[in-house]
Amino acid sequence: MTLITVVGSVNLDLVARAPVLPRPGETITDATFERHPGGKGANQALAARRMGAEVRLIGCIGDDSEAIAATRLVRDAGVDLSRTRTVPDAHTGIALIVVDADGQNQIVVAPGANRTLAPDDVELSDTDVVICQLEIPVDVVARAVEQAPFSVLNCAPARPLPEGLLANCDVVVVNETERAFYGAALDDAAVVIVTLGAEGAAAFRKGTEVARVPSLRVEAIDTVGAGDTFVGTLAVELASGRALDTAMGMAAAAGAVATTRPGAQPAIPTRAEVTARMQEEDR
């Protein structure tokens, strides 16, 4: 069975649902509150696991009660957490999320223990695919990509990268905002996939479009975690030998299904759920 190693963040999401997103200096009342496991690393690990892969998560959590809540779903799903390190005197990462009635969101992250992940924590001799994001130190990402037999880098949140990192990546995934941030530098990567929300996704090689897939038609209520669902699913499909456009289609469908339910990790679908929804679309 395919082994996916995710090197990334683990957070606890504190989610307020309000009619609208606040403007600078504005207070919004009448919100509801939820707590969910999150973090882009843990989200992508759970997505890959629910797609049927064996998954290992390399990350850091605090020595606090939030760590138990933050890892509950990945642990229950059977993600290997033996390389997820507990850091004394550090808090588990926290994401403060506001979601409006249309499913759009604002997110502020306090990384906590995620900042202590170090290059020495990364040893990847026995994996098939490595997934990274940018909620952990960039030198850790660079170390992971160097060791990876096949790497998928989700350049989120957008931040400056060391020279040569993108060129070492097999697949880079960005949304439209991140694509604008990196510009022509993305052409260094072998393949760049741009997620387009309700419009699906497009793939590029050296700036030339090579594939485009639609999304499912869904009633979105919460977009938090949809991109992570896309990334985790894409990695599993590519590792299984699927063609690029086929893998993208499955990933776009999984991301769309995730938007129909609240929360990040609680919304991530199983392979059976995505397949069933795709079959409904084809009828």
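Cut-offs and rules
Residues numbered from 1 in each chain as written. Predicted model: local features only at pLDDT ≥ 70, side-chain atom pairs only at ≥ 80, totals over all residues. Heavy atoms only, no water. Buried < 20%, exposed > 50% of the residue type's maximum accessible area, 1.4 Å probe, protein only. Helix = DSSP H or I, 4+ residues; strand = E, 2+ residues; numbered from the N terminus. Pairing = 2+ DSSP bridges. Axes fitted to C-alpha atoms, helices over the stretch in contact; angles between N-to-C directions. Contact = heavy atoms within 4.5 Å. Core = buried A, V, L, I, M, F, W, Y, C linked by side-chain atoms within 4.5 Å.

Chemist: Which residues make up the pairing of strand E9 (residues 151-154), and what are the values?
Modeler: Side chains of E9 alternate between two faces, with Ser151 and Leu153 and Val152 and Asn154 buried alike. As paired elements, strand E8 (residues 129-132) and E9 share three bridges and run parallel to each other. Opposite valine 130, over in E9, you have serine 151 as the bridge partner.

Chemist: I'd like to hear about the sheet that holds strand E11 (residues 191-195), residue by residue, with values.
Modeler: The nine strands are arranged E5-E4-E1-E8-E9-E10-E11-E12-E13 in an open sheet whose pairing can be described as mixed. Strand pairing shows two members of the sheet lacking a second neighbour, strand E5 (84-87) and strand E13 (208-213), which therefore form its edges. Neighbour-to-neighbour, the strand axes of this sheet turn through a mean angle of 20 degrees, independent of strand direction. Here E9 pairs with strand E10 (residues 171-175) via three bridges, running parallel. In the sheet register, asparagine 154 faces E10, and the bridge partner there is valine 173. Of the strands in this sheet, strand E1 (3-7), E8 and E9 touch helix H4 (residues 138-147), which is tilted by about 165 degrees from E8.

Chemist: Let's hear about the nonpolar core: which residues, and what values?
Modeler: Residues Ile4, Ile193, Leu234 and Met248 are the most contacted members of the largest nonpolar core, which totals 51 residues. Ranked by residues supplied to this core, first place goes to helix H7 (residues 244-258) with ten residues. By size, the runner-up hydrophobic cluster in this structure holds 35 residues, among which are Val7, Cys132, Leu153 and Phe204.

On their own, these measurements won't tell you what the molecule is for.
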